[in-house]
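The primary structure of each chain is shown beneath.
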Amino acid sequence: GGNYIMMGGSVKGGQIMGTYPEGLKEGSPLNIGRGRIIPTKSWESVFLPLAEWAGIDDADFEYICPNKKNFDAHHFFAKEELFDPA
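Residues numbered from 1 in each chain as written. Predicted model: local features only at pLDDT ≥ 70, side-chain atom pairs only at ≥ 80, totals over all residues. Heavy atoms only, no water.

Per-chain confidence: the chain averages 88 in pLDDT, with 97% of residues scoring 70 or above. Taken element by element, the predicted model of the chain shows its lowest mean pLDDT in strand 2 (residues 36-37) (87) and its highest in helix 3 (residues 79-82) (94). (pLDDT = per-residue confidence, 0-100. Helix = DSSP H or I, 4+ residues; strand = E, 2+ residues; numbered from the N terminus.)

See the structure below:
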């Protein structure tokens with residue numbers, strides 16, 4: 001997880017995707033100490049729709065993102081949420 005900035009002609013701009021944590025103080029559920037915060041979305045949540053937009057076949061998603069199986073389908077953003085139609 002982390003922060004990602006996407007730029008380009010097909011990108012639907014002006015959006016902040018994901019969920020901002022409700023609390024960042026010590027002891028909050030996502031704070032693991034020493035300034036480290038567990039992200040609410042994995043990098044795969046953005047990478048898979050990017051791969052789909054780039055034309056990667058669905059059959060190859062497991063190969064390029066082996067952690068995909070660790071998440072429910074609703075964890076991933078839809079290509080249409082991030083990109084304008086071609």
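This part covers a nonpolar patch on the surface. On the surface, Tyr20, Leu24 and Ile37 cluster together into a nonpolar patch covering about 320 Å² of accessible area. You can see Ile37 is positioned in strand 2. (Patch = residues over 30% accessible without salt bridge, like charges linked within 9 Å, V, L, I, M, F, W, Y side chains within 5 Å. Areas by Shrake-Rupley, 256 points an atom, 1.4 Å probe, with all protein chains shown as cover. Salt bridge = Lys/Arg side-chain N within 4 Å of Asp/Glu carboxyl O.)

One can find Glu44 in helix 1 (residues 44-53). Although Glu44 is buried, it forms no salt bridge, and the closest oppositely charged side chain is Lys69 at an N-O distance of 9.0 Å. A polar contact is formed between the side chain of Glu44 and the side chain of Asn67, at a distance of 3.4 Å. (Buried < 20%, exposed > 50% of the residue type's maximum accessible area, 1.4 Å probe, protein only. Lys, Arg positive; Asp, Glu negative; His and termini not counted. Polar contact = N/O pair within 3.5 Å; in protein donor to acceptor, adjacent residues only side chain to side chain.)

Once that is clear, we can look at the packing of aromatic side chains. Throughout the structure, instances matching the rule amount to 3 aromatic pairs. Here Lys41 stacks its cationic end above the ring of Phe77, 4.9 Å away from the centre of that ring. (Phe/Tyr/Trp six-rings, centres within 6.5 Å; stacked < 30°, edge-to-face > 60°. Lys NZ or Arg CZ within 6 Å of the ring centre and 35° of its normal.)

With that out of the way, let us pick up the environment of Thr40. Examined against the element boundaries, Thr40 turns out to sit in the loop between strand 2 and helix 1. Apart from residues no more than four positions distant in its own chain, Thr40 is found in contact with Thr19, Leu30 and His75. Of the polar contacts made by the side chain of Thr40, one reaches the backbone oxygen of Thr19; its length is 3.1 Å. (Contact = heavy atoms within 4.5 Å.)

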